[in-house]
Structure formats: C-alpha cells, structure tokens
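Each chain is listed here by its residues.
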Amino acid sequence: MNKNYTLGIIGYGNMAKAILKGLTAAESAPKIIVSDIDSALFPKSDGKIKFTTDNAALAREADIILFAVKPNCAEDAARLIGDAVSCKTVVSIMAGISIKTLGGFMPSAKYIIRVMPNLCATALM
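Residues numbered from 1 in each chain as written. Predicted model: local features only at pLDDT ≥ 70, side-chain atom pairs only at ≥ 80, totals over all residues. Heavy atoms only, no water.

1. Notes on the overall build of the protein chain
- What the protein chain contains, in helices and strands, is 4 helices and 6 strands.
- When the helices and strands of the protein chain are listed from N to C terminus, the series reads β-α-β-β-α-β-α-β-α-β.
- In terms of overall dimensions, the protein chain is globule-like: its C-alpha atoms have a radius of gyration of 14 Å, near the 14 Å expected for 125 residues.
- In the protein chain, which comprises 125 residues, the share counted as buried stands at 40%.
- Sequence separation of at least 24 residues holds for 55% of the intrachain contacts in the protein chain that already meet a minimum separation of 6.
- Accessible surface for the protein chain amounts to roughly 7200 Å². Of this, 55% is attributable to carbon and sulfur atoms.
- Of the side chains in the protein chain, 14 bear a positive and 10 a negative charge, and the two mean positions are spaced by 5 Å. (Helix = DSSP H or I, 4+ residues; strand = E, 2+ residues; numbered from the N terminus. Rg over C-alpha atoms; globule rule 2.2 N^0.38 Å. Buried < 20%, exposed > 50% of the residue type's maximum accessible area, 1.4 Å probe, protein only. Contact = heavy atoms within 4.5 Å. Areas by Shrake-Rupley, 256 points an atom, 1.4 Å probe, with all protein chains shown as cover. Lys, Arg positive; Asp, Glu negative; His and termini not counted. Charge placed at Lys NZ, Arg CZ, Asp CG, Glu CD.)

Next up, the structure:
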C-alpha cells in the first residue's frame, strides 16, 4: 500500500486504537493524525502519530478522514470540520449512521464510505 498519504482519525476510542495498532505495525504505515476532544486520552507521542484536539486542522492536513466517534457525536464532530473535507474521502466506522446522514453533515466530502470493523479481530494481532 502507498504510504504517501496522511490518514486523519477523528475519535480515539477502542476501535480507533485497534486500527492504529494494526496500521503502526505495518511496514508501509501512512502518516497519521488523531483528534479527540479529550487530550488526556493521548499517550506520550513517539513521533509516529500526531495528536490534536482540532478536527478542522486534522481535516485540512489529512488525505483520508476516518470517523471513529460515537454515533451520537457524529454531527458535532462533522460540524467542527466544516468545509475542510472538501474533495476528501471520509470513512466511517460508526454503526447506525448512514452515508446519506453523513453526507448531510459533510456535503463537500468527495466520497463517503462506511465500514464495519470488528474489535474481536484484535485478538489475532
């Protein structure tokens, strides 16, 4: 996989951490930025991952944006981004939030993709 892109992850819960674990273990890991409203959750940075509390800054810097927030926080998180997702790909791992709903929150996104990862898969890592 081409590692010459920047992945922005909005939300730093269990699913985001599991995805990050897999990504950072790979030889071809992309540049990664993580945003969460609670900076107390962030580990001490090892330089591999950039942490921020600014969703809009993350969206401006990232090529692909992964939404990993709780579904009830989706609209607020999307509104904090504004038009920074213009011409970007947004990937959602939020259960119960449709592509149509996300598109309403982020009408300038180029593509919106939904995926359903499984936290149990982390046991295989």
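Now that the structure is up, let's keep going.
2. Concerning the nonpolar core
- Counting residues in each nonpolar core, the largest one holds 22 residues, and the members touching the most others are I10, I65, F67, V85 and M106.
- Those elements giving two or more residues to this core turn out to be α2 (55-61), β4 (64-67), α3 (74-81) and α4 (99-105).
- By residue number, the principal contributor to this core is α3, which donates 4 residues.
- For M106, the contacting residues outside a window of four places in its chain are F67, A78, V85, V90 and I112.
- Y12, V34, L66 and A68 belong to the second largest nonpolar core, which has 15 residues in total. (Core = buried A, V, L, I, M, F, W, Y, C linked by side-chain atoms within 4.5 Å.)

3. Some thoughts on unusual backbone geometry
- With phi around 65 degrees, C87 is a residue other than glycine that occupies positive phi space.
- Within the secondary structure, C87 sits in the loop between α3 and β5 (89-92).
- Its relative accessible area of 62% is what places C87 among the exposed residues.

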